[in-house]
Structures are given as C-alpha cells and as structure tokens.
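Architecture and fold: a report
The residues making up each chain are set out below.
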Amino acid sequence: MSELRLILLGAPGAGKGTQAKILVDEHGLAHISTGDILRAAVKAESDLGKMAKDYMDKGELVPDSLIIDLMRERLAEDDCKSGFLLDGFPRTLEQGKALDGLLEELNISLSHVVLVKVDDDELLKRIENRAAEGSGRSDDNIEVAKNRLEVYRQQTEPLVAYYADKGLLKSVDGIGSVEEVSERVGVALS
Ligand code: AMP
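Definitions and cut-offs
Residues numbered from 1 in each chain as written. Predicted model: local features only at pLDDT ≥ 70, side-chain atom pairs only at ≥ 80, totals over all residues. Heavy atoms only, no water. Core = buried A, V, L, I, M, F, W, Y, C linked by side-chain atoms within 4.5 Å. Buried < 20%, exposed > 50% of the residue type's maximum accessible area, 1.4 Å probe, protein only. Helix = DSSP H or I, 4+ residues; strand = E, 2+ residues; numbered from the N terminus. Contact = heavy atoms within 4.5 Å. Polar contact = N/O pair within 3.5 Å; in protein donor to acceptor, adjacent residues only side chain to side chain. Near = heavy atom within 4 Å. Areas by Shrake-Rupley, 256 points an atom, 1.4 Å probe, with all protein chains shown as cover. Nonpolar A, V, L, I, M, F, W, Y, C, P; charged D, E, K, R; others polar. Salt bridge = Lys/Arg side-chain N within 4 Å of Asp/Glu carboxyl O. Pairing = 2+ DSSP bridges. Axes fitted to C-alpha atoms, helices over the stretch in contact; angles between N-to-C directions.

Observations regarding the nonpolar core
Ranked by size, the top nonpolar core spans 51 residues in total, and within it Met71, Leu75, Phe84, Leu86, Leu99, Leu110 and Tyr163 carry the most contacts. The dominant element in this core, judged by the number of residues it contributes, is helix α4 (residues 64–75), at five residues. The residues contacting Met71, other than those within four sequence positions of it, are Ile32, Thr34, Leu86, Phe89 and Leu102.

Written out as structure tokens, the structure is:
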C-alpha cells in the first residue's frame with residue numbers, strides 16, 4: 001500500500017497540474033482533481049455541472065457543500081486505497097476541516113501537503129501568457145484569471161498555515177523548469 005496521500009497546494013498558474021500528473025504517474029496514485037471533475041460535469045450537463053458552471057466561468061469557488069459531497073463519494077472509491085493526490089481540493093478552510101472528518105471516517109490520514117510557491121509577478125506573467133495562448137478553458141481570460149488569484153489569496157491561502165500547524169506542510173520553489181520543480185517535489189516527499 002502506498003504511503004502517499006497528498007494534497008498539492010498552489011496558486012492558479014503555479015504549475016500544480018503539471019506536477020500532479022508527474023506524481024500520479026510515478027507513484028501510481030489516484031489523481032483527484034475537483035476542477036477536472038467539475039469540468040466533466042459541466043460538459044455532461046449533469047445537475048452538478050449546471051450548479052457549478054456560473055461560479056467556474058467567473059473564477060469563483062463552487063459552494064463548499066457541493067464539493068464536500070463530491071469528495072465524500074470520491075475518496076471512498078477503491079482506487080484511493082493505494083494512495084491519492086488531491087489537486088484543487090481543499091480550496092477553503094471549511095473544505096480542509098471537512099476533509100479531516102472524511103479521512104477520519106475512512107480511518108486514514110494525510111501523509112504530506114506540498115505547496116508549490118511562485119511569486120505574484122511570475123504568476124501574473126504566466127496567467128497572461130496562458131490567456132493569450134488560449135488554453136481552451138472558458139475561465140482563462142485575464143480578468144477571470146486575476147479573480148482566481150484573488151480568490152486563492154483570500155480563501156485558499158489560509159490552508160497553508162492550517163497544514164503548517166499540523167506539521168504536514170512542505171514548501172517547494174515553483175520557479176524553474178518542470179524537471180527542476182519535480183526534482184524539488186521529490187526531495188520534499190522523501
Ligand atoms: P481548477 O481546475 O482546480 O483551477 O478549478 C477550476 C474551477 O473549478 C475553479 O475556479 C472553481 O470555480 C472550481 N473548483 C475546483 N475545485 C474547487 C474546490 N475545491 N472548491 C470550490 N470550487 C472549485
């Protein structure tokens with residue numbers, strides 16, 4: 001059984017998604033991306049997708065209760081038993097506390113929380129590049145992307161202190177090539 005039950009934290013544009021893919025491939029973890037789950041729900045026009053779409057298009061967070069219900073089901077699935085990586089969840093302190101309860105019910109605990117750190121100037125540069133290139137995501141225009149960054153600062157960043165207090169936080173410098181950052185993440189997990 002893998003010992004890795006990770007959260008990957010980082011601002012939008014920090015390169016979290018890229019590092020997540022590398023880690024799940026390397027360690028055979030279940031990759032749980034709430035953003036991917038929500039985008040699939042929007043595409044399928046399911047009830048969840050219909051409830052989430054307007055928030056996502058504005059760069060706002062979907063209500064905690066929807067996300068927590070979704071995660072309660074997802075974490076109970078079999079593939080999570082051999083380790084998982086949470087990408088984009090939790091996004092608020094309330095979600096973080098709810099996650100503690102969900103894990104307790106399953107009798108497991110987190111092994112690491114990895115924060116990919118990138119300063120604001122670099123994040124804004126990346127956001128602008130991504131918007132100009134047109135990533136195909138409907139939430140990737142510059143104003144929406146800046147709002148996502150602001151939402152991160154206000155609602156998600158408090159989780160950094162929350163996990164530092166629990167002794168779980170590992171901070172990694174997110175500036176550099178994909179390989180360099182991945183190497184640092186590997187060191188943080190070893
Ligand atoms: P992401 O791909 O993780 O950046 O997520 C895209 C969008 O989905 C976000 O801007 C939010 O609108 C929504 N979303 C994803 N994960 C969460 C979450 N844990 N809590 C609330 N909203 C979320």
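Section: the side chain of Gln95
The topology assignment puts Gln95 in helix α5 (residues 93–106). With relative accessibility at 2%, the residue Gln95 sits in the buried group. Within the structure, the side chain of Gln95 is placed 2.8 Å from the backbone nitrogen of Arg91, a separation counted as a polar contact. With near-sequence residues (within four places) excluded, Gln95 lies in contact with Asp64, Ile67, Ile68, Phe89 and Pro90.

Considering the site of the ligand
Around the ligand there are 16 residues in total, and Thr34, Arg39, Glu60, Gly88 and Gln95 lie nearest to it. The contact in question runs from a nitrogen atom of the ligand to an N or O atom on the backbone of Val62, over 3.1 Å. Calculation on the ligand without its partners gives an accessible area of 480 Å², and the protein chains cover 96% of this total. Among the elements that take part in the shell around the ligand, helix α2 (residues 34–43) stands out by supplying four residues, more than any other. Here the shell around the ligand is built from residues that sort into six nonpolar, four polar and six charged.

Observations regarding the pattern of salt bridges
Counted under the stated rule, the structure contains 13 salt bridges. A salt bridge links Lys16 to Asp87; the shortest N-O distance between them is 3.4 Å. Linking Lys16 in helix α1 (residues 16–27) with Asp87 in strand β3 (residues 84–87), this pair joins segments that are 71 residues apart in sequence. Across the pair, Asp87 and Lys16 agree in class, each one buried. Here Asp79 makes a salt bridge to Arg74, at a shortest N to O gap of 2.7 Å. Residue Arg74 is classed as buried on the basis of its relative accessible area, which comes to 14%. Shared partners join several salt bridges into a network, and the residues in it are Arg74, Glu77 and Asp79.

Focus: the sheet that holds strand β2 (residues 30–33)
Taken in spatial order, the five strands make up an open sheet running β2-β3-β1-β4-β5, and their pairing is parallel. The open sheet has two free edges, formed respectively by β2 and β5 (169–173), since each of these has just one partner strand. For this sheet, the mean angle separating the axes of adjacent strands, direction not counted, is 20°. Pairing between strand β1 (residues 5–9) and β3: four bridges, direction parallel. Paired with Leu8 across the two strands is Asp87, which belongs to β3.

Limitation: the analysis is restricted to geometry and does not speak to function.
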